[in-house]
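Architecture at a glance
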Amino acid sequence: MTTSRKCFLLLQGVCSPFFDRLGEQLLAAGHRVIKVNFTVGDSLYWHHGNTYAYRGHAERIPAYLARIWERHAVTDQVVFGDRRPVHRRAILAARERGIRNHVFEEGYFRPYWVTLEREGVNAHSLLPRDPEWYREAGRRLPSAGKPSPFPNQFSTRARHDVLYHLAGVANPFLHPHYRNHALVTAPVEYAGFLLRKARMPYLTRRDDERMHTLLSEDHPFFLLPLQLKSDAQIRYHSDFKNMQEVIGKVAASFAYHAPADARLVIKNHPLDMGLAHYARLIKVLMKEYDLAGRLVYLEGGNLEALLKRASGLVTVNSTAGNVSLGFGCPTHTLASPIYDMPGLTHQGKLDDFWQNRPQPDAALFRAYRRTVAQTVQINGGFYCRPGIELAAGHALQVMERDRSPLQQLKDEIAS
């Protein structure tokens, strides 16, 4: 339910015009909007007034923001990602003052959804982990329907990213204490992408051959989709330092406990920078565990086509787990994503998963998906204009409410 007009403080957004368009929507609805920019790239993508430029150290951000909260009587704070250095302390400090935090993130279901939650996302999500709660929620909610589609071109996202980081060349002069949350600098990242792209025609032909062999043979196979090493899900919400460590753990367990005729398919992330050299590591592991012919590495490949035939999927906490469950594929997680609960994911040890793989409860997954889609997902995107328009419009409806859709549903079920 919408109440009185609010004052929204927007911190750092995604590398695109999304926050700018969201601010425009909030202003048009009669709310007050304040913006704090932490980089020159932030300033490049913001075209409204009431703007501050923060140039200090990350640990001093709460004290700096406190003055803005008081001066403007801020009621709501808006961020993209809850683990960025410029956001971690700000979210906690705002919560202590009774200021609502609205956290955006990439969608739990993709490609036409983005995440909008109160106070935190992923491991910090307020979503319950009780399967019976989802069964009840699913009974109360109508079908989520199909999201409105829009172009989802990588080139558009890449263009925004390049513009943002080109502007960041001036950060040492205008924001001298800013530290990027990324693990590598933009030039190194772009060089990796370009080299990988140059090799993709060859890699795609190789992947097609390996996919054809996998899907035409009778051997069972398991999937390990890799995540980006810069992913907050790996860095902050798992016990792993990087994906090499994940590959080593899963390969060792597979070697000792999987059926002798099974294959382990390791699929790289489509946005990987190409700097990790996973293929080399996999060759070493083949020799170490005598797995020649049983470890299959794919740079690309169609995840859905693989899931239709896969005997199971192992992931740390990737959204690929949602896709896997949707296909009825047995799924084991190495951390605790929002979908990790009895009835959906394998609850035992990884060593047991290869031989004992319960099917996910299809009815429970439908209830879970319906609930998540209608409480913490909004139809839209962050990069192309049609996606941004959809996301900003739907976000406005959610952010104006005193109670989030999730909290309202929780209250209804508890009453």
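Look a little higher up for the structure.
Summary of the structure given here. All figures in this text were calculated on a predicted structure; none of them were measured in a lab. (Residues numbered from 1 in each chain as written. Predicted model: local features only at pLDDT ≥ 70, side-chain atom pairs only at ≥ 80, totals over all residues. Heavy atoms only, no water.)

On to the nonpolar core. Within the largest apolar cluster, 46 residues are counted, with the highest numbers of intra-cluster contacts made by Leu-9, Val-36, Leu-65, Trp-69 and Tyr-368. Among the secondary structure elements, those contributing two or more residues to this core are strand 1 (7-10), strand 2 (32-37), helix 3 (61-72), helix 4 (85-96), helix 5 (131-140), helix 15 (362-375) and helix 17 (405-414). Among the elements that take part in this core, helix 3 stands out by supplying six residues, more than any other. Among the nonpolar cores identified, the runner-up in size contains 29 residues, and Phe-240, Leu-264, Ala-335 and Leu-350 belong to it. (Core = buried A, V, L, I, M, F, W, Y, C linked by side-chain atoms within 4.5 Å. Buried < 20%, exposed > 50% of the residue type's maximum accessible area, 1.4 Å probe, protein only. Helix = DSSP H or I, 4+ residues; strand = E, 2+ residues; numbered from the N terminus.)

If you check helix 15, its first and last C-alpha atoms are 20 Å apart, about what 14 residues at 1.5 Å a residue would give, namely 20 Å. Taken together, the buried positions of helix 15 are occupied by Leu-364, Phe-365, Ala-367, Tyr-368, Thr-371, Val-372, Ala-373 and Thr-375. Check the buried side of helix 15 and you find it contacts strand 6 (113-118), helix 5, helix 13 (320-326), strand 12 (377-379) and helix 17. Two or three places before Ala-363, at the opening of helix 15, Asp-361 has a side-chain oxygen 3.0 Å from that residue's backbone nitrogen. (Expected span 1.5 Å × (residues − 1). Contact = heavy atoms within 4.5 Å. Polar contact = N/O pair within 3.5 Å; in protein donor to acceptor, adjacent residues only side chain to side chain.)

A few words now on the pattern of salt bridges. Under the counting rule described, the total for this entry stands at 14 salt bridges. For Lys-6, the salt bridge goes to Asp-402, with nearest N and O atoms at 3.4 Å. Taken together, the residues Lys-6 in the segment before strand 1 and Asp-402 in the loop between helix 16 (385-399) and helix 17 connect sequence positions 396 residues apart. Relative accessible area serves as the criterion here: at 4%, Lys-6 is assigned to the buried category. Residue classification places Asp-402 among the partly exposed positions, given a relative accessible area of 33%. Among the salt bridges present, the one from Arg-139 reaches Glu-136, with a minimum N-O distance of 2.9 Å. With Arg-139 and Glu-136 both in helix 5 and three residues apart, this pair spans about one turn of that helix. Exposure remark for Arg-139: the relative accessible area of 61% places this residue in the exposed category. The network of salt bridges with common partners includes Lys-6, Asp-76, Arg-100 and Asp-402. (Salt bridge = Lys/Arg side-chain N within 4 Å of Asp/Glu carboxyl O.)

The next subject is the sheet that holds strand 5 (residues 100-106). Spatially, 3-2-1-4-5-6-12 is the arrangement adopted by the seven strands of the open sheet, whose pairing is mixed. Edge positions in the sheet fall to strand 3 (51-53) and strand 12, since each of these pairs with one other strand and no more. Strand-to-strand twist of the sheet, defined as the mean angle between neighbouring strand axes without regard to direction, takes the value 25°. In this structure, strand 4 (residues 76-80) lies alongside strand 5, joined through five bridges in parallel fashion. Looking at strand 5, one finds that Phe-80 is bridged to Phe-104. Its contacts with the sheet place helix 4 against strand 4 and strand 5, and it is angled at close to 160° to strand 4. (Pairing = 2+ DSSP bridges. Axes fitted to C-alpha atoms, helices over the stretch in contact; angles between N-to-C directions.)

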